[in-house]
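Each chain, letter by letter, is given below.
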Amino acid sequence: MIRFSTAGESHGEALTALVSGLPAGVPVDLDFVNRELWRRQQGYGRGGRMKIETDKAHVLSGVRHGQTIGAPIAIEIVNRDWKNWEEKLPVGAGDPAKHQAVASPRPGHADLAGALKYNFPDARYVLERASARETTSRVAAGAFAKLMLRTLGIEVLSHAIRVGRVELERSAAWDEIVAVNAKDEVMLGCVDPATEARMKEEVEEAARTGDTVGGVFEVVVHGVPAGLGTYVNWDERMDGLLAMAVMSLQAVKAVEIGRGVVAAETFGSRVHDPIQYAAEPNGQPTRFTRPQNNAGGIEGGVSNGEDIVVRGYLKPISTLRRPLESVRFDTRASTSASYERSDICVVPAAGVAAEAMVALTIAGLAQQKFGGDSALEMQRNFAGYIEQIRRY
Ligand code: EPS
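Cut-off values and rules
- Residues numbered from 1 in each chain as written.
- Predicted model: local features only at pLDDT ≥ 70, side-chain atom pairs only at ≥ 80, totals over all residues.
- Heavy atoms only, no water.
- Salt bridge = Lys/Arg side-chain N within 4 Å of Asp/Glu carboxyl O.
- Helix = DSSP H or I, 4+ residues; strand = E, 2+ residues; numbered from the N terminus.
- Buried < 20%, exposed > 50% of the residue type's maximum accessible area, 1.4 Å probe, protein only.
- Patch = residues over 30% accessible without salt bridge, like charges linked within 9 Å, V, L, I, M, F, W, Y side chains within 5 Å.
- Areas by Shrake-Rupley, 256 points an atom, 1.4 Å probe, with all protein chains shown as cover.
- Pairing = 2+ DSSP bridges.
- Axes fitted to C-alpha atoms, helices over the stretch in contact; angles between N-to-C directions.
- Contact = heavy atoms within 4.5 Å.
- Near = heavy atom within 4 Å.
- Polar contact = N/O pair within 3.5 Å; in protein donor to acceptor, adjacent residues only side chain to side chain.
- Nonpolar A, V, L, I, M, F, W, Y, C, P; charged D, E, K, R; others polar.

A short note on the pattern of salt bridges
Okay, so step 1: Counted under the stated rule, the structure contains 29 salt bridges.
Okay, so step 2: Two residues, R46 and D343, come together in a salt bridge whose shortest N-O distance is 3.0 Å. Separated by 297 residues along the polypeptide, R46 in the loop between α1 (30-41) and α2 (49-52) and D343 in the loop between β17 (334-336) and α11 (347-370) bring together distant segments of the chain. As far as the burial class goes, R46 and D343 line up, both buried.
Okay, so step 3: For R170, the salt bridge identified is with E176, shortest N-O distance 2.8 Å.
Okay, so step 4: Classification of R170 as partly exposed rests on a relative accessible area of 36%.
Okay, so step 5: Three or more residues joined by partner-sharing salt bridges are found here, namely R40, R49, E53, D55, D81, R133 and R341.

A closer look at a nonpolar patch on the surface
Okay, so step 1: Together, I275, Y277, F288 and Y392 line one region of the surface with nonpolar side chains, adding up to about 550 Å² of accessible area.
Okay, so step 2: With respect to the helices and strands, the residue Y392 is situated in the segment after α12 (375-391).
Okay, so step 3: The exposure class of Y392 is exposed, given its relative accessible area of 74%.

Focus on the sheet that holds strand β1 (residues 3-8)
Okay, so step 1: Spatially, the four strands line up as an open sheet ordered β1-β2-β6-β3, and their pairing is antiparallel. Each edge of the sheet is formed by a strand with only one pairing partner; in this case those strands are β1 and β3 (58-61). With direction set aside, neighbouring strand axes in the sheet form an average angle of 20°.
Okay, so step 2: Along the sheet, helix α5 (residues 135-150) makes contact with β1, β2 (14-20), β3 and β6 (73-78), crossing β6 at roughly 140°.

Observations regarding the site of the ligand
Okay, so step 1: Around the ligand lies a shell formed by H11, R40, R46, R49, M50, H109, S131, A132, R133, I317, R341 and D343.
Okay, so step 2: R133 is positioned such that a nitrogen or oxygen atom in its side chain is 3.0 Å from an oxygen atom of the ligand.
Okay, so step 3: R341 is positioned such that a nitrogen or oxygen atom in its side chain is 2.7 Å from an oxygen atom of the ligand.
Okay, so step 4: Residue composition of the shell around the ligand, by class: three nonpolar, three polar and six charged.

Focus: the sheet that holds strand β10 (residues 252-257)
The strands that make up a sheet are held in pairs by hydrogen bonds between backbone atoms, and each pair lies either parallel or antiparallel.
Okay, so step 1: Across the sheet, which stays open at both edges, the five strands sit in the order β8-β7-β9-β15-β10 with antiparallel pairing between neighbours. One side of each edge strand has no neighbouring strand; the edge strands of this open sheet are β8 (166-167) and β10.
Okay, so step 2: Judged from the eight bridges that link them, strand β7 (residues 155-163) and strand β9 (residues 215-222) form a sheet pairing that is antiparallel. Residue pairing in the sheet places H159 in a bridge with E218 of β9.
Okay, so step 3: Sitting on the sheet, helix α6 (residues 174-182) touches β7 and β9, and the angle it makes with β7 is about 85°.

Here we look at unusual backbone geometry
Okay, so step 1: Unlike most non-glycine residues, N119 shows phi in positive territory, near 60°.
Okay, so step 2: Checked against the element boundaries, N119 lands in the loop between α3 (111-118) and α4 (124-130).
Okay, so step 3: The exposure class of N119 is exposed, given its relative accessible area of 68%.
Okay, so step 4: A positive phi angle is found at R332, which is not glycine, with a value near 70°.
Okay, so step 5: Inspection of the secondary structure assignment puts R332 in the loop between β16 (325-327) and β17.
Okay, so step 6: Since its relative accessible area comes to 62%, R332 is described here as exposed.

Dropping the structure here:
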């Protein structure tokens, strides 16, 4: 089983991730891991914090001579901002006068619910852990899941479908998604330049008015064979597992598999993907194919061999430069919500974090199905199954 957990606070010394269950012998490309961390920091509308941080993975265990050794992988990503917080957030008792209270909770953030739950006098410790900075750890862990999936020829990428009112009004081909993610300058991660320019205007409007803007990202998994996940038990269905993985990301408020939302408004005859059996034009062997992929590659909680498509719907970031009404924790007096700094739009960054969650989920299902303590054993089991499908 692949397991992972994260620890760390937004302004603490470091963020960490612990990943276990990957087979031994997976080649580890640290430049790839660090590029994933870089990608999470990009996008038009990111906040001031991204100018301070250059997230880099410091691998402490589980990797030797450039390969996994089957042992738990511990990763540390140092917070450069820590030097400004050492006295404000000490591990020891420190000087209470230096505590930097978050005096009035932000509507939409975990501030109020968290302070009530953990009995904190203000929201400082809440935001330290609730912050989306935690997704740095998830991206580091997800990069290792991607490296394992790569040995099976499976890839995971994302792109932006919507920013505020602006939507990509066509589907994106896999090659376009690869190309937009290969860029060294990230705008909003949309495959269509004209749509991306309009998305940028949406962010600019939010920036001008002290506001924030949400949107929709789409994660695509390419190269997954039919048969991962199962319908036999509710908690083993791939769509349910992916929904939880993506919904657990900060600011994600809805998850869609394939065209699930449109499907609810459409007749069945127009939604379901007809089944064909043909050779592909590129000379691939004859196989079951679909002229469209509204199901997003999953039927009955099982992958069906098409690309897996998961969309995440992001609410706008809850820290506003023109804050909403709130109440002081200490006096209960009406005031504005706290503001230090904030992102305006995080759609492409959230897409990268969702890729990590999807990669970890798919890697877990692949590990369950194909098993293997070494990459060699897993690849052999995988190849045997692919051959079985081919001969079906
Ligand atoms: C984030 C770092 C944070 C925020 C953001 C995500 O940095 P700071 O709080 O120091 O500005 O930019 O966090 C939130 C959106 C949030 O609500 O807390 C990051 O690295 O992604």
